[in-house]
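# Coordinate analysis (summary)
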Protein chains: 8
Amino acid sequence: MEQREMKELLQQVAEGNATVDEALLKMKMAPFEEIDIASLDHHRGIRQGASEVIYGAGKTPAQIDKIAHTLWNSGQKTILITRMSQEAAETFEKDIPFTYYEEAKVGLVGEMTAPKQKGYILVATGGTSDIPVAEEAALTAEILGNRVERIYDVGVAGIHRLLAHAEKIMNARVIIAIAGMEGALASVIGGLADCPVIAVPTSVGYGTAFGGVTALLSMLNSCASGVSVVNIDNGFGAGYLANLINNMEADK
Amino acid sequence: MEQREMKELLQQVAEGNATVDEALLKMKMAPFEEIDIASLDHHRGIRQGASEVIYGAGKTPAQIDKIAHTLWNSGQKTILITRMSQEAAETFEKDIPFTYYEEAKVGLVGEMTAPKQKGYILVATGGTSDIPVAEEAALTAEILGNRVERIYDVGVAGIHRLLAHAEKIMNARVIIAIAGMEGALASVIGGLADCPVIAVPTSVGYGTAFGGVTALLSMLNSCASGVSVVNIDNGFGAGYLANLINNMEADK
Amino acid sequence: MEQREMKELLQQVAEGNATVDEALLKMKMAPFEEIDIASLDHHRGIRQGASEVIYGAGKTPAQIDKIAHTLWNSGQKTILITRMSQEAAETFEKDIPFTYYEEAKVGLVGEMTAPKQKGYILVATGGTSDIPVAEEAALTAEILGNRVERIYDVGVAGIHRLLAHAEKIMNARVIIAIAGMEGALASVIGGLADCPVIAVPTSVGYGTAFGGVTALLSMLNSCASGVSVVNIDNGFGAGYLANLINNMEADK
Amino acid sequence: MEQREMKELLQQVAEGNATVDEALLKMKMAPFEEIDIASLDHHRGIRQGASEVIYGAGKTPAQIDKIAHTLWNSGQKTILITRMSQEAAETFEKDIPFTYYEEAKVGLVGEMTAPKQKGYILVATGGTSDIPVAEEAALTAEILGNRVERIYDVGVAGIHRLLAHAEKIMNARVIIAIAGMEGALASVIGGLADCPVIAVPTSVGYGTAFGGVTALLSMLNSCASGVSVVNIDNGFGAGYLANLINNMEADK
Amino acid sequence: MEQREMKELLQQVAEGNATVDEALLKMKMAPFEEIDIASLDHHRGIRQGASEVIYGAGKTPAQIDKIAHTLWNSGQKTILITRMSQEAAETFEKDIPFTYYEEAKVGLVGEMTAPKQKGYILVATGGTSDIPVAEEAALTAEILGNRVERIYDVGVAGIHRLLAHAEKIMNARVIIAIAGMEGALASVIGGLADCPVIAVPTSVGYGTAFGGVTALLSMLNSCASGVSVVNIDNGFGAGYLANLINNMEADK
Amino acid sequence: MEQREMKELLQQVAEGNATVDEALLKMKMAPFEEIDIASLDHHRGIRQGASEVIYGAGKTPAQIDKIAHTLWNSGQKTILITRMSQEAAETFEKDIPFTYYEEAKVGLVGEMTAPKQKGYILVATGGTSDIPVAEEAALTAEILGNRVERIYDVGVAGIHRLLAHAEKIMNARVIIAIAGMEGALASVIGGLADCPVIAVPTSVGYGTAFGGVTALLSMLNSCASGVSVVNIDNGFGAGYLANLINNMEADK
Amino acid sequence: MEQREMKELLQQVAEGNATVDEALLKMKMAPFEEIDIASLDHHRGIRQGASEVIYGAGKTPAQIDKIAHTLWNSGQKTILITRMSQEAAETFEKDIPFTYYEEAKVGLVGEMTAPKQKGYILVATGGTSDIPVAEEAALTAEILGNRVERIYDVGVAGIHRLLAHAEKIMNARVIIAIAGMEGALASVIGGLADCPVIAVPTSVGYGTAFGGVTALLSMLNSCASGVSVVNIDNGFGAGYLANLINNMEADK
Amino acid sequence: MEQREMKELLQQVAEGNATVDEALLKMKMAPFEEIDIASLDHHRGIRQGASEVIYGAGKTPAQIDKIAHTLWNSGQKTILITRMSQEAAETFEKDIPFTYYEEAKVGLVGEMTAPKQKGYILVATGGTSDIPVAEEAALTAEILGNRVERIYDVGVAGIHRLLAHAEKIMNARVIIAIAGMEGALASVIGGLADCPVIAVPTSVGYGTAFGGVTALLSMLNSCASGVSVVNIDNGFGAGYLANLINNMEADK
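Please read these numbers as outputs of a predicted model, since none were measured by experiment. (Residues numbered from 1 in each chain as written. Chains lettered and ligands numbered in written order. Predicted model: local features only at pLDDT ≥ 70, side-chain atom pairs only at ≥ 80, totals over all residues. Heavy atoms only, no water.)

### Some words on the overall build of chain A
Along the backbone of chain A there are eleven helices and nine strands. Within chain A, buried positions represent 60% of all 252 residues. Intrachain contacts of chain A at a sequence separation of at least 6 include 66% that bridge at least 24 residues. Here chain A displays about 9200 Å² of accessible surface, and carbon together with sulfur accounts for 52% of that area. (Helix = DSSP H or I, 4+ residues; strand = E, 2+ residues; numbered from the N terminus. Buried < 20%, exposed > 50% of the residue type's maximum accessible area, 1.4 Å probe, protein only. Contact = heavy atoms within 4.5 Å. Areas by Shrake-Rupley, 256 points an atom, 1.4 Å probe, with all protein chains shown as cover.)

### Considerations on the packing of helix α6 (residues 131-143) of chain D against helix α11 (residues 235-246) of chain D
Residues and elements named next belong to chain D. The geometry of α6 relative to α11 is characterised by a closest axis approach of 7 Å and an angle of 35° between their N-to-C directions. For α6 against α11, the interelement crossing comes out right-handed. Where α6 approaches α11, its residues Val133, Glu136, Ala137, Thr140 and Ala141 are matched on the opposing element by Gly235, Phe236, Gly239 and Tyr240. Residue classes in the contact of α6 with α11 are distributed as five nonpolar, three polar and one charged. (Axes fitted to C-alpha atoms, helices over the stretch in contact; angles between N-to-C directions. Left-handed = near helix turned anticlockwise from the far one by under 90°. Nonpolar A, V, L, I, M, F, W, Y, C, P; charged D, E, K, R; others polar.)

### A few points about the pairing of strand β4 (residues 106-109) of chain D
All names here are of chain D. Of the two faces of β4, the one carrying Val106 and Leu108 and the one carrying Gly107 and Val109 are both buried. Pairing analysis gives three bridges linking strand β2 (residues 78-82) to β4, with the strands arranged antiparallel. When the bridges of β4 are listed, Ile81 appears paired with Gly107. In this structure, strand β3 (residues 98-101) lies alongside β4, joined through four bridges in antiparallel fashion. Pairing of Tyr101 across the sheet is with Val106, part of β4. Hairpin connection from β3 to β4: four residues lie between these consecutive antiparallel strands, with Lys105 at a positive phi of about 55°. (Pairing = 2+ DSSP bridges.)

### Structural notes on the interface of chain D and chain C
Size of an interface: often given as the accessible area lost when the parts come together. Counting from both sides, the interface comprises 40 residues of chain D and, opposite them, 40 residues of chain C. A buried area of about 3400 Å², summed over both sides, lies between chain D and chain C, and 58% of it is on carbon and sulfur atoms. Put simply, chain D and chain C have zero salt bridges between them. Our count for the chain D to chain C interface comes out at six residue pairs in polar contact (both at pLDDT 80 or more). (Buried area = accessible area lost by both parts, 1.4 Å probe. Salt bridge = Lys/Arg side-chain N within 4 Å of Asp/Glu carboxyl O. Polar contact = N/O pair within 3.5 Å; in protein donor to acceptor, adjacent residues only side chain to side chain.)

### Observations concerning the domain arrangement of chain A
Residues and elements named next belong to chain A. Along its sequence, chain A is carved into domain 1 (32-110) and domain 2 (120-246). Put simply, the middle of domain 1 and the middle of domain 2, counted by C-alpha atoms, are 25 Å apart. Counting residues at the interface gives 15 residues for domain 1 and 13 residues for domain 2. Summed over both sides, the interface of domain 1 with domain 2 buries roughly 1200 Å², with 68% coming from carbon and sulfur. Here domain 1 is connected to domain 2 by one salt bridge. At the boundary of domain 1 with domain 2, the tally comes to one residue pair in polar contact (both at pLDDT 80 or more). The greatest single-element share of the side of domain 1 that touches domain 2, amounting to three residues, is contributed by strand β2 (residues 78-82). Considering only residue class, the side of domain 1 that touches domain 2 consists of seven nonpolar, five polar and three charged. (Domains from an automatic or database assignment.)

### Re helix α4 (residues 61-73) of chain A
Residue and element names in this part refer to chain A. Between its first and last C-alpha atoms α4 spans 18 Å; for 13 residues at 1.5 Å apiece the expected length is 18 Å, and the two agree. Ile64, Asp65, Ala68, His69 and Leu71 are the residues of α4 that are buried. For α4, the buried positions fall inside an angular range of 160° around the axis, keeping them on one side. The exposed set on the far side of α4, more than 90 degrees from its buried face, consists of Ala62, Lys66 and Asn73. Phi turns positive one or two residues past the end of α4, at Gly75, with a value near 105°. (Expected span 1.5 Å × (residues − 1). Arc of directions from axis to C-beta.)

### Here we look at the confidence of the model for chain A
Put simply, chain A has an average pLDDT of 85, and 85% of its residues get 70 or more. In the predicted complex, the global pTM is 0.85; the interface-specific ipTM is 0.82. (pLDDT = per-residue confidence, 0-100.)

Shown next, in the form of structure tokens:
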């Protein structure tokens, strides 16, 4: 029941057109709708930017195609499609502006958003096999309008490679640290940086890497403060959260 | 070697009061300290505020007492002691200003910091048993100079209790969602809020709650975007990270 | 040994046609059969309705075909085939009435049963990927003669979508709550409803979703009362149990 | 806002003692409470009967005492206290009618409810060590107004002991099957009975019993239909759910 | 109903002292007991010997005392009490012959059974910490009337210690191999012996010994044939099974 | 070094044909061989019968073919090949007597062994999907010269199906109980039988069946005595061990 | 910044050619590089020998080809390629000396290194299925310039097979013990040898072998001293570490 | 039978003081001891040094006291007692030289061994809570005659603290890296050092540290080469292995 409807109902009671009991019953029947439209938006989505997201996994190429076109036709300027298969990209109807980022399995309908800010989100990976997840994170952040810096293959076993980027790390506004295997990258970066660090474990590794569980556990136990963790291989989630943090308005 | 000391040393070289080799040797003797204060602070610590943190677990009351007094005497204005036992609090030498928050097992040396901002961090729990972890998070954030709002015992099984706070949720700058058992609170809050949500699983529950693992897994798989997770019962980590996010400067 | 046989045996002893030892031996030889026929029916099956169930997984198309035809020819009016592959459906001999529900992988021999009741079983899912399991549950219940209402893709991250169905939830006689990922749907529905809630975790998700284990654990730890859980992806089991509950006769 | 209060408010509007806007504002201020008592009670609780439940674990004796007395004084006729420690029972202020069931750790304020029905809930256990959980389940059901039959120590290793109760099993309206170790009781009972079976794994056993996890897994994989499972040692949950099922009104 | 009773009942029928219906009724009243002693004894127990077993864990000293005295007074010659606490042994009423084996936590009422056979069961342990479990196994087998040889602390890390007993291993009729930590003893003994090997993992070890799980897994994966496994620390189970195997009658 | 050789060596020393040091050296050089040939046979193998076993998994069809032919040509009368793929069976050179049991994936070179005994090993399964493992067990036992009785698909959910075979169960010399899902079959059979029961968990089931782990845990925690367990799907191991037990010579 | 550069910078300051602030800035700008080149080499690599390693997994044939050729052309004499697929080997441009070891999936560019030492590394396996991992370890060690002895298929179930190699075991300088299933080989070898033992669990086995986890746990709990463990199937890691140990210079 | 004794026995045979049969018998009586000292010592123990080890866990103070005194009286110069409780140390009979290292729970009978070498073993820990394990490792190595350097509390979250010791790391002959929580120390040190690194996970941490399992998994997946792992908290094992490696003789 919307606020307007509730007002009308009260009005009817006030005017004697509805009894108290009738009104009471009506309110009980539609308990939450009044909140629905007023204060909770439909898809949460991505309100700060002008973007909409389609989660491609488990959707057929045809479904993705249709949703994307519908959104575009309803005026959406930028549409991000994650976990989009090569096949879905190939069969996508190209009558609207479309770019496919193969490594990240990300599709973009519309133009790439120009960065709205000077500061940057840093996306770092431990190895080269982590790059697909990193690109999903980086492109998500870029499409949402953030500047992104990338430093890839800077795993802790060659700590000097990472330290060579110390300045870039220390100047970032938010860092996304992506690693499989032992996932130590998050701790080392967390120790170097002042800013929030979002750790993304990846399913890279074999044997006791357990498909990313070891990296996840390692990251959750990081001895560095300021580190939090998202699900294994969840590049989108990290990029989305980094965008939220990077766009915090200064408090007054 | 702090930046100031390094400058003095260079000054001495420039003035001929130290030879190049003497300076070089001195720098090598303390190989990284010169970088230490300049770009990497010693304990990472808490630079935005004037606070220092002592992790009380595994330290004897005497050790905590000594470290706290040393820090205080060296001019530290606010010292946060986490996981401080009742016993450590009782035997603490009260010749310096000291407050003990029993439920949170948090000790504070010095005065409580006044909030530096208008906006607030929201700390929410699923049940009453989660409150100790919540208070650790809330006090950490407060001592670091943040305004904190608390809504406790708003678990999803009585969803209306949570929804009654919908406005408070939607207006928060950062939310810390704390829950044991099935940990669904993080998802529901994540679905209501626009801001970053830090999920803290707690070891509350029995049987298949597995000491917080179920809540952790649930939170990592949250279908809401913008949610990240810290270790089980890690209230301090959540409060610290919330402080980092809440104090993001606007990007220019 | 049935009661009748036992009586005859005792009769023979009474009449001197059997010795005590002969009778004793005979009783020892067939230890449990007397219970067997009398009190334990052969396949448990589905006695309330007129239906028979074939569990299709691990059976060849030919085996399914043969069993179904045999049951039909022996007079069975409705035969439910679960986990029936596309291939088994295609090669099924269509000389008897047969419908295949592709999404649910359910085959139905005979006509769909008309609902015997006014009240309904509600089948709800967190996402669209949970629909195949949901359809298995819903069709099982329908074929057993229940009215079923479906509300799909009402996951807790968009809590208002779920609340929009609050009335449908509160009026259901039994609810089947189906979700993967963090499985919070069961708790939220359990908090809204008065009736028994059967939670079905699904293998939807990735990484730490662990093929449904996270959803399962979450559901087992539901802070709402009145919730019980079945195996991962066990739509049939939920539909079957819901039918049992929905058809409880009023106690006198 | 309770139903009564909402009625009064509407009354005031009807009588002109409150304007429509005043009423609307008041309703918005307490956004969900108006629905609270009407359609969603505060603790979900136990609406069919006249009972209220206090979960004693993690509450101090004093807290339990106070809540129970408050409820009693506000007119509550029957109050069930689960997981109540011996100490809490001993220090409980006995100025109101109070009974303590030591084995089940259940406290009852008020008189035991007389069964409202002829049919019964059957509570069965595999061993004697499962009895505390069984008694929690049985007393919960009894206090909620159900007839309960108990058959204890009928584990499947002595299958004849269980079969001796075959008639009692087949005539039950709902069965709660409680077992630790290998938890096979649920499957065997599920194979004998037509009615819904609620399986409760217990933490009884050693070594690979893993504190009830083995029994839980066994029950989730029951080859019998009509079986669902609750958390380890969750006697209350089983008793509560059994009550819901046992009190299903016949559908019209 | 024991065999003797059943015979008497049949006798009464044969003699006309009981009608067929009276007998039938009596049999139905105690539905399975008639089979009970004949083909299924009440506690399965230990039929070959004259022993009865009381599982002491979870029973109070008083309960153990009472059960043991009752069994003794009903004519039981040998009663084995497993997992009997020091306290239960001390308070045990010593008016009947009683021996307590402290290390094994085994109590014996009556005299130790003389071995009925020439061949022996070999009980071997990897370390000295496994001895309590080994003694439970050995005493169980001895009380059931078997000869037992013990070789303790012959872990595989000092393989020569084990090989020094090669002859004893090769001449055993059944071997119980007991080990914690990596549990390799079962494989090595399994490779040396021709006879059935019962492997008992123990909870000895630390860290990744995981309370016996590592030894268990190791034993289940033994590359030697003829090895089977019982639950962690289940000395009684191994001794009981060894007795069954050792007393196989030669097939004719 | 065999006893005879050692004697010769000592003889040489006694006769002055070898110095003390030469003898000492020789003994050190061949540290364990004296045991090797004397008391430890080369492949353990299967000495009671005339059979040899080839474990087919991980061997190419050509390797299996070659090993089998070599063994046959060296006089081996019966050769059992386990886990032999369809392909290996098809390409097997049929110039020697060869039978392939497709369901069990067992190959037999030579003639099936006639049972050497009157008593039988009983092989029972919970479901039809367990039959391949059961056939591996049964054929192994048969080829080793045992009589085998099979009762398949007698899972505990239809307990009467199992009880209908009670006599066969009680008369068996050894029982192999094979089940997936909740694995309760072993406990129920263990409760009915007096003889050793070898439990084989199978990887049958889905979701929380965890590829046989649930059945394994259930079997390890069997409340019945006399039950031991082998690895998941290890039909051969069970058949081999059953053969060892069934052929125990009577002790004198 | 290398030591030399830092000296030059200080020199400039001393000579007035750089101001103190200029020098300070320069040092801050390149915070760690001075260590980088001087003391940390770029890829750690394999400095004792003249070898370079390419980890082939996750690289395309073309990438491997390119990296190998580049290294060769830059003067590298020996290049080891691990986890190189059959396909990558076949398409490898053979204009430079190249050998492919199919079983080990190891590629070698350049000539096999001649052993630099008399002593040897022993590589032992429990079964034949472990040989691929063993060959990866052995070839890694050989290419790095070590003598390697191999004893394969000496699992502990036929302990005499292993003991027949006792001398070879006792004379090794380092041993790599490789086994799947129950992984007991490491303990037995550890008990026979004086030298460091590197245990490599393999993913060989089925059911509760859990892809190598059981062997890993077994090895970590080895009751023999001097044993350490690497990741499942990590033959390269073991070979590399064995090379490090084998080439320890005598301490002076 | 020690080598010396065997020689004497052979001497007696050579001199006619013992017959061949007497000698043979004597050798058979102690079947493997003759090999024992020659090729396999009794407890493997610690042959390079003059030390003997007593594993104190699970031994009573009296047992430890007795074994230590027996060893001392038989001429042992240095006896290392690990996991020795405070109580055992206090009640230890001080009539022989005895030192107790409380933090490490290590007892030493005899004098501390002087280092036999110039090079050192480096023992590093991530935090202060890891020190007890580190001291067990360090003291073990020292008592075995090694020089040990310690760098404690150099966890990767403050990477500069670790880098300050880069020279010490690069000059070590063997490194023992000890850490709990996320265990990243091993990877970072492994990336800095050329020498073998023995990683010891500790049970330090909470929540998902899982008693050291997370650190263990992290270390097993180290992206640095040259790292191997021992059991959780196994300081002794690491110290013992480090001693073996540190004392490798140069190969000729």
